[in-house]
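Remarks on the overall topology
Listed here are the chains, written in short residue letters.
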Amino acid sequence: MSRVVTTYHQRIAQEKRAQILAAATALFLELGYDRTSLARIAERSGVSRATLFKQFPTKAALFDAMVTESWSTAEEEEPPPAGNLVDGLGTIGHRYAELLGRAQMTDLFRIVIAELPRFPELANAQFSQGKMPYFESVRGYLQAEDEAGTARVDDVELAATQFLGMISNYVFWPSLLVPGWEVSAERVAQVVDEAVRTTAARYAVPGPAPTAGD
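Our subject in this report is the structure included herewith. Keep in mind it's a predicted model, so treat the numbers as computed, not measured.

Before going further, it helps to spend a moment on the packing of helix H4 (residues 59-70) against helix H8 (residues 120-148). Closest axis-to-axis distance for the H4/H8 pair is 9 Å, and the angle between their directions is 40 degrees. One element, H4, and the other, H8, form an angle in the oblique class. In this structure, H4 meets H8 at a crossing whose hand is right-handed. When H4 is examined against H8, the residues Phe63, Asp64, Val67 and Thr68 are found in contact with a partner set consisting of Leu122, Ala125, Gln126, Gln129 and Gly130.

Structure, rendered in structure tokens:
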């Protein structure tokens, strides 16, 4: 019985956390970070102030949770194993496109960009707790491919930046600037495939040539 009760309370806590984060995101976009109080977030989310303060004692802590939530794929999924550069890059590329396609990711970047002049710490949190850990996972994957001999990557930081940039520059950044910008699932798949092919053409180590009789 205690396990059932514990699971129930965990589920309720997760639901309230999701309500709080959704309300905070909406209010930050509507009123700005500075004009949004924790009390107003509690009211909008429908939870008590005590419940909100217990999970998020400050707005900074709440924003940090928004960053973690938005970039959660990077923490939940391990990079693919080294050994096949095309397959590995394909897995990473599709994960990245899915991540960038989330509404909360667009909202997060809009908040950071709008508040950057007054609250540079928001951009620092977004970079250090969200973007950089994800980037490091991709960099680590390319390093593993280099060490496995399936790729020759002298500058893994540059290679990771190039690969992710080919995807984000088409499927994500225009959405922040162009009203109504949408990319179909088919087009996203094509963008990822082209990024994989371009990167593999640059860095993959050719396999042994077939011998007579193969």
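Here the narrative resumes.
All told, the structure shown has seven salt bridges when counted by the stated rule. Salt-bridge contacts for Arg118 lead to Asp34; the nearest nitrogen and oxygen are separated by 3.8 Å. Residue Arg118 is located in the loop between helix H7 (103-115) and H8, and its partner Asp34 is located in the loop between helix H1 (2-31) and helix H2 (38-45); the two are separated by 84 residues in the primary sequence. Residue classification places Arg118 among the exposed positions, given a relative accessible area of 53%. For Asp34, a relative accessible area of 44% corresponds to the partly exposed category. A single network of salt bridges, built from pairs that share partners, joins Asp34, Glu115 and Arg118.

Our focus in this paragraph is the packing of aromatic side chains. Throughout the structure, instances matching the rule amount to nine aromatic pairs. With 5.1 Å between their ring centres and 70 degrees between their planes, Phe172 and Trp173 make a pair best called edge-to-face. The buried category is assigned to Phe172, whose relative accessible area is 1%. Assessed through its relative accessible area of 35%, Trp173 is described here as partly exposed. An aromatic cluster is built from Phe28, Tyr33, Phe63 and Phe119, whose rings are joined through pairwise contacts. Directly above the ring of Tyr33 sits Lys59, whose terminal nitrogen or CZ lies 4.5 Å from the centroid.

Tracing the backbone through its elements, the reader meets Ile12 in helix H1. A sequence separation of 129 residues divides Ile12 from Tyr141, and the C-alpha atoms of the two residues are 37 Å apart.

Compared with the 16 Å implied by 1.5 Å per residue over twelve residues, the 16 Å span of H4 between its first and last C-alpha is a close match. Taken residue by residue, H4 has Lys59, Leu62, Phe63, Ala65, Met66, Val67 and Ser70 as its buried positions.

Within the secondary structure layout, Asp107 lies in helix H7. Aside from chain neighbours lying at most four places away, what touches Asp107 is Thr25 and Leu29.

The rules behind each value
Position numbers for residues start from 1 in each chain and track the written sequence from start to end. Reporting of local features is limited, given that this is a predicted model, to residues whose pLDDT is at least 70; pairs of side-chain atoms are given and counted only at 80 or more, and all residues count toward the totals for whole chains, interfaces and linings. The side-chain numbers reported here are obtained from all heavy atoms of the structure, hydrogens and water having been left aside. Axis lines are fitted through C-alpha atoms, for helices just across the contact stretch, and the angle between N-to-C directions can take any value from 0 to 180 degrees. Helix and strand definitions here come from DSSP, where helices need a minimum of 4 consecutive H or I residues and strands a minimum of 2 consecutive E residues; each element is numbered from the N-terminal end. Under this scheme an angle from 65 to 115 degrees is roughly perpendicular, one under 35 degrees roughly parallel, and one over 145 degrees roughly antiparallel; angles in between are oblique. If you view the pair so one helix is near and one far, a crossing is left-handed when the near helix is turned anticlockwise from the far one by less than a right angle, and right-handed when it is turned clockwise. It only takes one pair of heavy atoms within 4.5 Å for two residues to be counted as in contact. Salt bridge, as used here, is a side-chain nitrogen of Lys or Arg placed within 4 Å of a carboxyl oxygen of Asp or Glu. Throughout, exposure labels follow a simple rule: accessible area from a 1.4 Å probe, protein chains only, divided by the maximum for the residue type, with under 20% read as buried, over 50% as exposed, and the rest as partly exposed. Any two of the Phe, Tyr and Trp rings considered here, Trp counted by its six-membered ring, make a pair once their centres fall within 6.5 Å; the pair's planes then place it as stacked at under 30 degrees, edge-to-face at over 60, or tilted in between. Each ring is checked for a lysine NZ or an arginine CZ that lies within 6 Å of its centre and within 35 degrees of its normal; such an atom marks a charge sitting over the ring. A helix's residues, less one, multiplied by 1.5 Å, set its expected span.

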